[in-house]
2 protein chains.
Amino acid sequence: MPQTPHVERHFTAGERVRDVVIGMSDGLTVPFALAAGLSGAVSSTSIIVTAGLAEIAAGSIAMGLGGYLAARSDAEHYASERVREETEVREKPAIEADEVTEVFRAYGLTAEESAPVVEALRKRPEAWVEFMMRFELGLEKPDPRRALTSALTIAGAYIAGGFIPLAPYLLLSTAPAALLLSVVVTLVALALFGYVKGTFTGASPVRGALQTALIGGLAAAAAFGIARAIS
Amino acid sequence: MPQTPHVERHFTAGERVRDVVIGMSDGLTVPFALAAGLSGAVSSTSIIVTAGLAEIAAGSIAMGLGGYLAARSDAEHYASERVREETEVREKPAIEADEVTEVFRAYGLTAEESAPVVEALRKRPEAWVEFMMRFELGLEKPDPRRALTSALTIAGAYIAGGFIPLAPYLLLSTAPAALLLSVVVTLVALALFGYVKGTFTGASPVRGALQTALIGGLAAAAAFGIARAIS
């Protein structure tokens, strides 16, 4: 794909950063909220640690393996659409050529203006298929190594994130004290994470910090309220 | 965007289905695995129900609100890149015209073959910006209503999914019996969900069924093993 250097860098960092963001934002938030919720219902930290570790195991597997299979099915979807485009280019070139004209017509170009490109593509079936994949179907060629890397990155970030809110419950023996420390430590971690995420994604770092802290805080408050209400 | 009818249908269904899939696959999996894990550590179902409901609250808020903010920042990223492209098209048209030539060169087209399209785009700055957004940067125009719909769909699917594995613990009073029923009910639900997901996404329904059941089963087994080991 033709990309200016800044765009290439932007997208490469983007995928890895996005996986860390996906894993860590849920890893920081859900175990935090679960532990906070249980603190509203039980006084000993041992059951909270058990639930928290079970949640980290469940969440990291669900997200990591889920991410792996999603990336694999993206790759298979791309491959099957590509076979279809190859067949169409080979067997119905006139219809496909009209579709190229239509792509350009959407940008106000007349059939005459786009004709040279249509003709040039007809002479290069391989490039024509690539063109249709991206410009007609909007599909990017998936990186074959991405599925596994993506899975491990998401799962690892989830586990790393999950141990931050859980650490106070591992260190302290009473739930109220551990909850207080967990809230302070996790809100700071969420805000820091949101700030760094904001600088990576090009959004406002301060707003990123406030947003992730807000999500975590709301989720924890809701979990605490529900657990307290039913216990 | 120019799209043949089947493509348009494919992508419209895709976004809503994807949100339901995202919410429900985690909603079925994580509360299921957490409840199964706690069943390995405690004998009364009341603490499992408390933890399960706290998890559903936390997970649905984290995923729904997270999805909302992600969709909003996608929209803002698109808007800021668009402003940059507009400036470049206005202030450095020669450089931007070269970039269009480069887009086509990646498909084997010579500068002469793409020149008429480049010239045609230069006459239409508005269409030119749209063209660069999609074909140079690979960015699709986000639907402004999508952020809220996406958030509510993901959160609702998570809650609906989460109550399936939790229902046996609400009905039965001992953890081992509830666990057994929860495993049966949830694996059936995961397989059905994976099957339906497979038909929607165009993958093999049977493989979809096996995959989602596998993820749920592995997550639950890991959570159970960890909870049993530390309790």
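Above this note sits the structure.
Rules and cut-offs
- Residues numbered from 1 in each chain as written.
- Chains lettered and ligands numbered in written order.
- Predicted model: local features only at pLDDT ≥ 70, side-chain atom pairs only at ≥ 80, totals over all residues.
- Heavy atoms only, no water.
- Helix = DSSP H or I, 4+ residues; strand = E, 2+ residues; numbered from the N terminus.
- Rg over C-alpha atoms; globule rule 2.2 N^0.38 Å.
- Buried < 20%, exposed > 50% of the residue type's maximum accessible area, 1.4 Å probe, protein only.
- Contact = heavy atoms within 4.5 Å.
- Buried area = accessible area lost by both parts, 1.4 Å probe.
- Salt bridge = Lys/Arg side-chain N within 4 Å of Asp/Glu carboxyl O.
- Polar contact = N/O pair within 3.5 Å; in protein donor to acceptor, adjacent residues only side chain to side chain.
- Nonpolar A, V, L, I, M, F, W, Y, C, P; charged D, E, K, R; others polar.
- Arc of directions from axis to C-beta.
- Phe/Tyr/Trp six-rings, centres within 6.5 Å; stacked < 30°, edge-to-face > 60°.
- Core = buried A, V, L, I, M, F, W, Y, C linked by side-chain atoms within 4.5 Å.
- Least-squares fit on C-alpha atoms with pLDDT ≥ 70 in both.
- Patch = residues over 30% accessible without salt bridge, like charges linked within 9 Å, V, L, I, M, F, W, Y side chains within 5 Å.
- Areas by Shrake-Rupley, 256 points an atom, 1.4 Å probe, with all protein chains shown as cover.
- Expected span 1.5 Å × (residues − 1).
- Axes fitted to C-alpha atoms, helices over the stretch in contact; angles between N-to-C directions.
- Parallel < 35°, antiparallel > 145°, perpendicular 65-115°, else oblique.
- Left-handed = near helix turned anticlockwise from the far one by under 90°.

Enquirer: Help me understand the overall build of chain A, please; the structure alone is not making it clear to me.
Expert: From N to C terminus, chain A includes eight helices and zero strands. Reading chain A from its N end, one meets helices and strands in the order α-α-α-α-α-α-α-α. Taking 2.2 N^0.38 as the reference for a compact globule, 231 residues should give roughly 17 Å; the C-alpha atoms of chain A span a radius of gyration of 25 Å, well beyond that estimate. Summarising its shape, the C-alpha atoms of chain A cover approximately 75 × 35 × 30 Å along the three principal directions. A total of 231 residues make up chain A; the buried ones form 48% of that total. For chain A, contacts bridging at least 24 residues in sequence account for 74% of all contacts bridging at least 6.

Enquirer: Teacher, can you tell me more about the interface of chain B and chain A here?
Expert: The accessible area lost on association of the parts is a frequent measure of interface size. Opposite the 73 residues of chain B that make contact, chain A presents 73 residues. Both sides of the chain B and chain A interface together cover about 5900 Å² of buried area, and 72% of this is carbon and sulfur. Applying the counting rule to chain B against chain A returns six salt bridges. As a salt-bridge pair, A:R207 and B:E76 come within 2.6 Å of each other at their nearest N and O atoms. Counting every contact that joins chain B to chain A gives eight residue pairs in polar contact (both at pLDDT 80 or more). Top element by residues in the side of chain B that touches chain A is helix 2 (residues 45-91) of chain B. It accounts for 20 residues. Of the residues that constitute the side of chain B that touches chain A, the class distribution is 44 nonpolar, 14 polar and 15 charged.

Enquirer: Could you clarify how one ought to interpret the pattern of salt bridges in this entry?
Expert: Two side chains of opposite charge can pair, provided their charged atoms sit close to one another. Throughout the structure, instances matching the rule amount to 18 salt bridges over all chains. One salt bridge in this structure joins A:K123 and B:E113, with 3.4 Å as the shortest N-O distance. Of this pair, A:K123 sits in the loop between helix 4 (111-122) and helix 5 (125-136) while B:E113 sits in helix 4 (residues 111-122), placing the two residues on different chains. Accessibility expressed as a relative area gives 61% for A:K123, which makes it exposed. For B:E102, the salt bridge goes to B:R105, with nearest N and O atoms at 3.0 Å. You can see B:E102 and its partner B:R105 sitting in helix 3 (residues 93-105), three residues apart, about one turn around the helix. For B:R105, a relative accessible area of 43% corresponds to the partly exposed category. Each of the salt bridges in this network shares a partner with another, and the network as a whole consists of A:R82, A:E86, A:E126 and A:E130.

Enquirer: Looking at this structure, I do not really get helix 4 of chain B. What am I missing?
Expert: Every α-helical turn comprises 3.6 residues, leaving residues that sit three or four positions apart pointing alike. The complete set of buried residues in helix 4 of chain B reads B:E113, B:S114, B:V117, B:V118, B:A120 and B:L121. Along the long axis of helix 4 of chain B, the arc covered by the buried residues comes to 160°, so they all point the same way. Contacts made by the buried residues of helix 4 of chain B are with helix 3 (93-105) and helix 4 of chain A together with helix 3 and helix 5 (125-136) of chain B.

Enquirer: Looking at this model, I keep getting lost on the packing of aromatic side chains. Mind explaining?
Expert: Any pair of aromatic rings gets described here by the distance separating the centres and the angle formed by the planes. Tallied over the entire structure, the rule returns 10 aromatic pairs over all chains. When the ring of A:F131 is compared with that of A:F135, the centres are 4.5 Å apart and the planes differ by 90°; the resulting orientation is edge-to-face. Of this pair, A:F131 and A:F135 both sit in helix 5, four residues apart, roughly one helical turn. Taken together, the aromatic side chains of A:F104, A:Y107, A:F131, A:F135, B:F104, B:Y107, B:F131 and B:F135 make up a single cluster linked through ring pairs.

Enquirer: Would you explain the nonpolar core in this entry?
Expert: Side chains that are nonpolar tend, in soluble globular proteins, to be buried together. The biggest cluster of nonpolar side chains holds 56 residues, and the ones touching the most others in it are A:I48, A:Y169, B:I48 and B:Y169. When near neighbours in sequence (up to four residues on either side) are disregarded, B:I48 contacts B:A35, B:L38, B:S39, B:V42, B:L166, B:Y169 and B:A175.

Enquirer: Looking at this structure, I do not really get the relation of the copies chain B and chain A. What am I missing?
Expert: Both copies of the chain are related by a screw-like operation: a rotation about an axis and a shift along it. Structural alignment of chain B on chain A gives an RMSD of 0.1 Å, achieved by rotating through 180° and translating 0.0 Å along the axis. Between the two chains, the operation in question is that of a two-fold axis. Take the interface residues of chain B: 100% of them recur as interface residues in chain A, which is what a same-surface contact looks like.

Enquirer: I tried to follow a nonpolar patch on the surface on my own but got confused; where do I start?
Expert: Residues and elements named next belong to chain A. Taken together, the side chains of I159, F163, I164, L170, L171, L172, L181 and V185 make up a nonpolar region of the molecular surface, amounting to roughly 650 Å² of accessible area. Contributing elements (two or more residues each) for the nonpolar patch: helix 6 (146-171) and helix 7 (175-201). Per-element accounting of the nonpolar patch gives the leading share, five residues, to helix 6.

Enquirer: Just checking my understanding: could you explain the side chain of B:S25 for this structure?
Expert: All names here are of chain B. Relative to the helices and strands, S25 is located in helix 1 (residues 5-39). We classify S25 as buried; its relative accessible area is 19%. A polar contact is formed between the side chain of S25 and the backbone oxygen of V21, at a distance of 2.7 Å. Among all residues touching S25, those that are not within four sequence positions of it are V20 and F193.

Enquirer: When you look at helix 2 of chain B in this model, what are you seeing that I'm missing?
Expert: If you check helix 2 of chain B, its first and last C-alpha atoms are 68 Å apart, about what 47 residues at 1.5 Å a residue would give, namely 69 Å. Among the residues of helix 2 of chain B, the N-terminal cap falls to B:S44, whose side-chain oxygen and the backbone nitrogen of B:S46 are separated by 3.1 Å.

Enquirer: It is not clear to me how the packing of helix 2 of chain B against helix 6 (residues 146-171) of chain B should be interpreted in this structure. Could you clarify?
Expert: The angle between the axes and the distance between the axes are what describe a pair of packed helices. Residue and element names in this part refer to chain B. Contact geometry of helix 2 with helix 6 gives a least axis separation of 8 Å together with a crossing angle of 165°. The orientation of helix 2 with respect to helix 6, classified from their angle, is roughly antiparallel. Both helix 2 and helix 6 take part in a crossing whose hand is right-handed. Per-class residue counts for the contact of helix 2 with helix 6 are 18 nonpolar, six polar and two charged.

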